[in-house]
Amino acid sequence: MRILGIIPARKGSKSIKLKNIKPFNGKPLIYWTIKTALKSKLDTVIVSTDSLKIKKIAEKYNCKVPFIRPLNLSKDIIKGIDVALHALKFYEKKRSIFFDGVMLLQPTCPFRNVNDINKSINILKKRKADSVISLVDVEGYHPARMSNIVKGKIKKPSFAEKKENIPRQLLKKTYLRSGLIYLVKTKVLKKGSLIGKKSYPIITPSNRAFNIDTKLDFELSELYAKKIKLKS
């Protein structure tokens, strides 16, 4: 089974300018994902970008950048599935290379490790899954504790806890996509889905599930990287 690893990294970012290549723990943020991906069982790892500057940095760290992403695939609202399909089409049409699966690796998750990637690939193979998605326990942010505001008043949604102040440990385990891993079979992807009907989880601990979106995320992640002495 051949798996293509795609690191999507466009130049536009409203929250943090050039976020994907902003220095993080002494290296461009994208470096940490490239480093991990290249050490994994992925057959090919590429960066999909619309930026020559990002291309140059990625190639500096020995990652392939076989094309520059077109402008219509570089907008804020572009979906990961479209980026993945574009890369697959490039390899199939231009290189006559075909992959059985695609893994999307967001560069905004610098604490992902090689085992996260390899374990996901093993699950896809052994369980004959359509996809493997990384999840993280919501812990104290359980949906049973959420509320809506209707006409200025607090309104409990249908999935809220039936009794007030139930201890977290007694609530049903609930998970959120962590953003570390999106692994999907090519045949499922081409049908327009990143998940498919038979999807399996890889549970990642919260200390690896940082997904940098805002300036605060960036600052807190850097502090944590220094605390754990993240090595390049």
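Treat the numbers as computed from the prediction; the structure is a model and nothing was measured. Note on numbering: residues in each chain are counted from 1, in written sequence order. Only residues with pLDDT of 70 or above have their local features reported here, since the model is predicted, and side-chain atom pairs are shown and tallied only from 80 upward, although totals for entire chains, interfaces and linings are computed over all residues. Heavy atoms from the whole structure form the basis of all side-chain values; hydrogens and water molecules are not counted.

### Quick look at the overall build of the chain
As a reminder, the rule being used: Labels follow the DSSP assignment, with helices taken as runs of H or I lasting at least four residues and strands as runs of E lasting at least two, numbered in each case from the N terminus. With the radius of gyration taken over C-alpha atoms, the globule rule is written as 2.2 Å times the number of residues to the power 0.38. Contact definition: two residues touch when any of their heavy atoms are within 4.5 Å. Accessibility throughout is a Shrake-Rupley quantity obtained with a 1.4 Å probe, and a residue counts as covered only by protein chains that appear here. Lys and Arg are tallied as positive, Asp and Glu as negative. Neither His nor the chain termini are counted. Lysine's charge is taken at NZ, arginine's at CZ, aspartate's at CG and glutamate's at CD.
When its secondary structure is counted, the chain shows six helices and 10 strands. In terms of overall size, the chain behaves like a compact globule, its C-alpha atoms giving a radius of gyration of 19 Å where 232 residues would be expected to give roughly 17 Å. Across its three principal axes, the chain shows a C-alpha extent of roughly 60 × 40 × 35 Å. For the chain, contacts bridging at least 24 residues in sequence account for 74% of all contacts bridging at least 6. Counting every atom, the chain has about 13,500 Å² of accessible surface; 53% of that belongs to carbon and sulfur. Distance from the positive charge centre (52 side chains) to the negative charge centre (17 side chains) of the chain: 3 Å.

### Quick word on helix H6 (residues 215-227)
Put simply, the rule is: Expected span of a helix, by definition, is 1.5 Å for each gap between consecutive residues, and there is one gap fewer than residues. Here's how the labels work: a residue is buried when its accessible area is under 20% of the maximum for its type, exposed when over 50%, partly exposed in between, all with a 1.4 Å probe on protein chains only. Taking the helix axis as origin, the arc is that swept by the directions to the C-beta atoms.
Compared with the 18 Å implied by 1.5 Å per residue over 13 residues, the 19 Å span of H6 between its first and last C-alpha is a close match. Every buried residue of H6 is listed here: Phe218, Ser221, Tyr224 and Ala225. Summarising the axial view, the buried residues of H6 lie within an arc of 130°, below the 170-degree limit, and thus occupy one face. Facing away from the buried side of H6 by over 90 degrees, the exposed positions are Lys215, Leu216, Glu219, Leu223, Lys226 and Lys227.

Coordinates in, geometry out; function isn't part of it.
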